[in-house]
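Structure assessment
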Amino acid sequence: MNHAQQLEQAKRCIIKFGLSIFQRGLTGGASANMSIALDQGFVVTPTNSCFGFLEYDDLSVLDAKGDLVSGKPASKEFLLHQCFYQQQPAMRCVLHLHSTYATAVSCLKGLNKSDAIPALTPYLRMRLGSIAMVDYHPPGSSDLVDALKQQAANYCGVLMANHGPIVAADSPEKALYAMEELEESCKLQLLLGQQQVNYLSQQQIEYLQNAYKGKL
């Protein structure tokens, strides 16, 4: 597939997935951003854009350095996406939402920074593994980028405190499915609250992560 074909496919994919995410209430307003890596650059949702109303020609096309080639200026949070692309070159899509339940969990005190979401069901571990947590820093700030960069080499899913989730995957489909599973896991965590819970054991978790790593 040549560059023009990659570019068209990536743009249509972002518009299709963005509309689906918006219509299902996973993000609202101009509160989300998505990028897809090409062989020679990136396609990114523009700054201050709404997933429900993305336009083909408005999508930001960047070169390999992250400089604008065409379209509107890219989301200022593309710097967060670059953390994953730089630390894990196999990643081809990064998705950041302000989805309700994951953002709510990101506001809780006392989360384990290396394993923020308890293993309630198998599916989050199968798709993303453990979820990391980074402390609060202002959106778009260099401090937030530095904090995320420290986790991006070892995790594909991160909660940014008082901000929301960001995930990376080797395809747009996998990034979307992973984000949906993260949101559902956070919903379950909040619904269960202080009730006694039968968490998956460490042995069960290790089996899932070894058996399904890179396969979903």
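Predicted model, so just to flag it, every value in this text is computed and none were measured.

The next point concerns the pairing of strand β7 (residues 157-160). Neither face of β7 is open: one carries G157 and L159, the other V158 and M160, and all of them are buried. Where strand β6 (residues 132-134) and β7 come together, three bridges link them in parallel fashion. Bridging from a neighbouring strand, V134 pairs with M160 of β7. For the crossover that starts at β6, traverses helix α5 (residues 142-152) and ends in the parallel β7, the hand is right-handed. Bridging between β7 and strand β8 (residues 164-169) involves four bridges; their strand directions are antiparallel. Looking at β8, one finds that G157 is bridged to V167. Turn length for the β7-β8 hairpin, with the two strands adjacent in sequence and antiparallel, is three residues, and the turn residue N162 shows positive phi of about 55 degrees.

Attention now moves to the packing of helix α1 (residues 3-23) against helix α6 (residues 172-192). For the pair α1 and α6, the least separation of the axes is 11 Å and the interaxial angle reads 15 degrees. The angle between the axes of α1 and α6 places the two elements in the roughly parallel class. The interaxial crossing formed by α1 with α6 has right-handed handedness. In this structure, α1 contributes C13, F17 and I21 to the contact, and α6 contributes P172, E173 and L176. Broken down by class, the residue content of the contact of α1 with α6 amounts to five nonpolar, no polar and one charged.

Definitions and cut-offs
Residues numbered from 1 in each chain as written. Predicted model: local features only at pLDDT ≥ 70, side-chain atom pairs only at ≥ 80, totals over all residues. Heavy atoms only, no water. Buried < 20%, exposed > 50% of the residue type's maximum accessible area, 1.4 Å probe, protein only. Helix = DSSP H or I, 4+ residues; strand = E, 2+ residues; numbered from the N terminus. Pairing = 2+ DSSP bridges. Right-handed = clockwise from strand over helix to strand, strands pointing away. Axes fitted to C-alpha atoms, helices over the stretch in contact; angles between N-to-C directions. Parallel < 35°, antiparallel > 145°, perpendicular 65-115°, else oblique. Left-handed = near helix turned anticlockwise from the far one by under 90°. Contact = heavy atoms within 4.5 Å. Nonpolar A, V, L, I, M, F, W, Y, C, P; charged D, E, K, R; others polar.

Remember, this is a structural readout, not a statement about activity or role.
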